[in-house]
Amino acid sequence: MTYQPQPSPGGNSVSAGPASDFKTFGAAALLTFAAGEIVLIGYIMAGGFGAFLGIIGAAFGIVWWKNQHGKVFPRDLSGSHLGGLAVVAVVLLGIAYLMA
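All values reported here derive from a predicted model rather than from experimental measurement.

What counts as what
- Residues numbered from 1 in each chain as written.
- Predicted model: local features only at pLDDT ≥ 70, side-chain atom pairs only at ≥ 80, totals over all residues.
- Heavy atoms only, no water.
- Axes fitted to C-alpha atoms, helices over the stretch in contact; angles between N-to-C directions.
- Helix = DSSP H or I, 4+ residues; strand = E, 2+ residues; numbered from the N terminus.
- Parallel < 35°, antiparallel > 145°, perpendicular 65-115°, else oblique.
- Left-handed = near helix turned anticlockwise from the far one by under 90°.
- Phe/Tyr/Trp six-rings, centres within 6.5 Å; stacked < 30°, edge-to-face > 60°.
- Buried < 20%, exposed > 50% of the residue type's maximum accessible area, 1.4 Å probe, protein only.
- Expected span 1.5 Å × (residues − 1).
- Contact = heavy atoms within 4.5 Å.

**Brief notes about the packing of helix H1 (residues 18-69) against helix H2 (residues 79-99)**
Think of two packed helices as two axes; the pair is described by the angle between the axes and how far apart they sit. Following both chains from N to C, one finds H1 and H2 inclined at 15°, their axes separated by 9 Å at the closest point. Between H1 and H2, the angle falls in the class roughly parallel. Judged by the sense of rotation from one axis to the other, the crossing of H1 with H2 is left-handed.

**Let's talk about the packing of aromatic side chains**
Evaluated as defined, the whole model comprises one aromatic pair. Arranged with centres 6.4 Å apart and planes meeting at 35°, the rings of Phe49 and Phe52 form a pair that is tilted. Taken together, the residues Phe49 and Phe52, both in helix H1 and three residues apart, mark about one turn of the helix. In this structure Phe49 comes out as exposed when scored by relative accessible area, which is 55%. Look at Phe52 and you get partly exposed, because its relative accessible area is 47%.

**Some points on H2**
In this model H2 runs 30 Å from its N-terminal to its C-terminal C-alpha over 21 residues, within 8% of the 30 Å that 1.5 Å per residue would give. Lining the buried residues of H2 we find H1.

And the structure:
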């Protein structure tokens, strides 16, 4: 009887690689942060009702992002889209800082 080694699995079929995983994690973090900033800006502007409007605005923003990329957290997100999301998050942070 001969020993036949089992072929090793080809890796995680869900992941497209470490760079793709990092971009997906970054998009999740930045989308969450930007949505929170929208709610914060609404709260600063109009109190509780503004926070409610901010929640609606954040939901529309996430739906728009999903329509642009096919998923909320796509596996093949380009670096330019992640950079654009980072710029939007920083601009929202600046607006909230100036308003507070």
